[in-house]
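# Observations on chain architecture
Spelled out, the chains give:
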Amino acid sequence: MTQIDLSFPARTAAAPVELTGLDRQELAAALVESGLVEQGKARMRAEQIWRWMYHYGVTDFAAMSTMAKDLRAALPEKFRVTRPEIVERQVSVDGTRKYLLRSAPGIEFECVFIPDVGRSGALCVSSQVGCTLTCTFCHTGTQKLVRNLTAAEIVGQIMVVRDDLQEWPSSNENRALTNIVFMGMGEPLLNLDNVAKAIDIISDGDGISIGRRRMTVSTAGVAPKIGELGERTNAMLAISLHATNDALRNELVPINKKYPLKELFAAIKAYPELSNAKRVTFEYVMLKGVNDSLAEAKALVQLIKG
């Protein structure tokens, strides 16, 4: 006779909620939902945790000394503050640091810190694992899109590099990492929700505190999203251009077939708050015998004039 087990399976404890990547309102709501913080104190506790995470770079709740010991002891049961894992770290003779990061099995992405860019140190961050745009000169374009990176995974890239540079607590003086450029793996405008949320977190003055004018988002030409980027983030805009006519750009940057140069430049000229103080950056990879002639140089001057 076959016996059937009718007992309920044992309940497993819910995995701790990752706090990195939550905005202030989400953080306060998560604290209330956990039952550890009452509604009336949620905003204050969220402000305290926010500052420990993003101003001081703390990942251990026990070190968050502005909160009571019993709360600090209870928080790890419900929450965690983590970083992506460093799979590989390479340092060049000029101080450039390249990181291969992993946030989950099969989810690997790169960021690169470039020191002394003028008076700045720029971190190039990724917004997707893989890419859909298949630009012919770009290695990421040969990789299939796995998924968008979350706001936590985008912000986590800055946190990892801040750890490595020993730049906690945040300071506006003698900072090595001053600028963020979304020029790594992926097309940022095809992951605009997470990119915009990450920029909100990064620019917060009580945390990482890198100003929006020090963040540049590069697009291969997703024209309909360019205005929305400006309205939602107030970040600087960069265009991955690489050709001065549609025929060649269709080959080098295939998304040009969908949004040709006329449509792209109409979107650029309508970018919010564009002025002499807020200008567009144009990226142009010179490919020998492809887009590097004197005629194309002159055409480029005319194309970006004004």
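Use the structure listed above.
Below, the structure is looked at part by part.

Conventions and cut-offs
- Residues numbered from 1 in each chain as written.
- Predicted model: local features only at pLDDT ≥ 70, side-chain atom pairs only at ≥ 80, totals over all residues.
- Heavy atoms only, no water.
- Helix = DSSP H or I, 4+ residues; strand = E, 2+ residues; numbered from the N terminus.
- Buried < 20%, exposed > 50% of the residue type's maximum accessible area, 1.4 Å probe, protein only.
- Contact = heavy atoms within 4.5 Å.
- Areas by Shrake-Rupley, 256 points an atom, 1.4 Å probe, with all protein chains shown as cover.
- Phe/Tyr/Trp six-rings, centres within 6.5 Å; stacked < 30°, edge-to-face > 60°.
- Lys NZ or Arg CZ within 6 Å of the ring centre and 35° of its normal.
- Polar contact = N/O pair within 3.5 Å; in protein donor to acceptor, adjacent residues only side chain to side chain.
- Core = buried A, V, L, I, M, F, W, Y, C linked by side-chain atoms within 4.5 Å.

For the rest of this paragraph, the subject is the overall build of the chain. A count of helices and strands for the chain gives 9 helices and 12 strands. Oriented by its inertia axes, the alpha-carbon framework of the chain measures out at about 75 × 65 × 40 Å. For the chain, the proportion of its 306 residues judged to be buried stands at 47%. Pairs at least 24 apart in sequence give 59% of the contacts found in the chain among residues at least 6 apart. Counting every atom, the chain has about 16200 Å² of accessible surface; 52% of that belongs to carbon and sulfur.

On to the environment of V161. For V161, the position within the fold is in helix α4 (residues 151–165). Along the sequence, V161 and K98 sit 63 residues apart, while their C-alpha atoms lie 9.7 Å from each other. Residues within four places of V161 in sequence aside, it is in contact with Y99, C111, F113, L123 and L177.

In total, this model carries 3 aromatic pairs according to the counting rule given. Judged by centre distance (4.9 Å) and plane angle (35°), the rings of W52 and Y56 are tilted. Assessed through its relative accessible area of 35%, Y56 is described here as partly exposed. Ring centres 5.7 Å apart and planes at 10° place the aromatic pair F265 and F282 in the stacked group. Of this pair, F265 sits in helix α8 (residues 261–269) while F282 sits in strand β12 (residues 281–283), placing them 17 residues apart in sequence. Lying over the aromatic face of W50, R24 brings its terminal NZ or CZ to 4.7 Å of the ring centre.

This brings us to the side chain of E18. Positionally, E18 belongs in strand β1 (residues 17–18). E18 sits in the buried class, given a relative accessible area of 17%. Side chain to side chain, E18 and R80 meet in a polar contact 3.3 Å long. A polar side-chain atom of E18 sits 2.4 Å from a polar atom in the side chain of T82. With residues up to four places along the chain from it excluded, the contact list for E18 reads R80, V81 and T82.

Our next topic: the nonpolar core. In this structure, L19, I49, L123, I180 and I202 are the most contacted members of the largest nonpolar core, which totals 80 residues. If we ignore the near neighbours within four places in the chain, the residues touching I202 are V155, I158, I180, I208, S209, I210 and M215.

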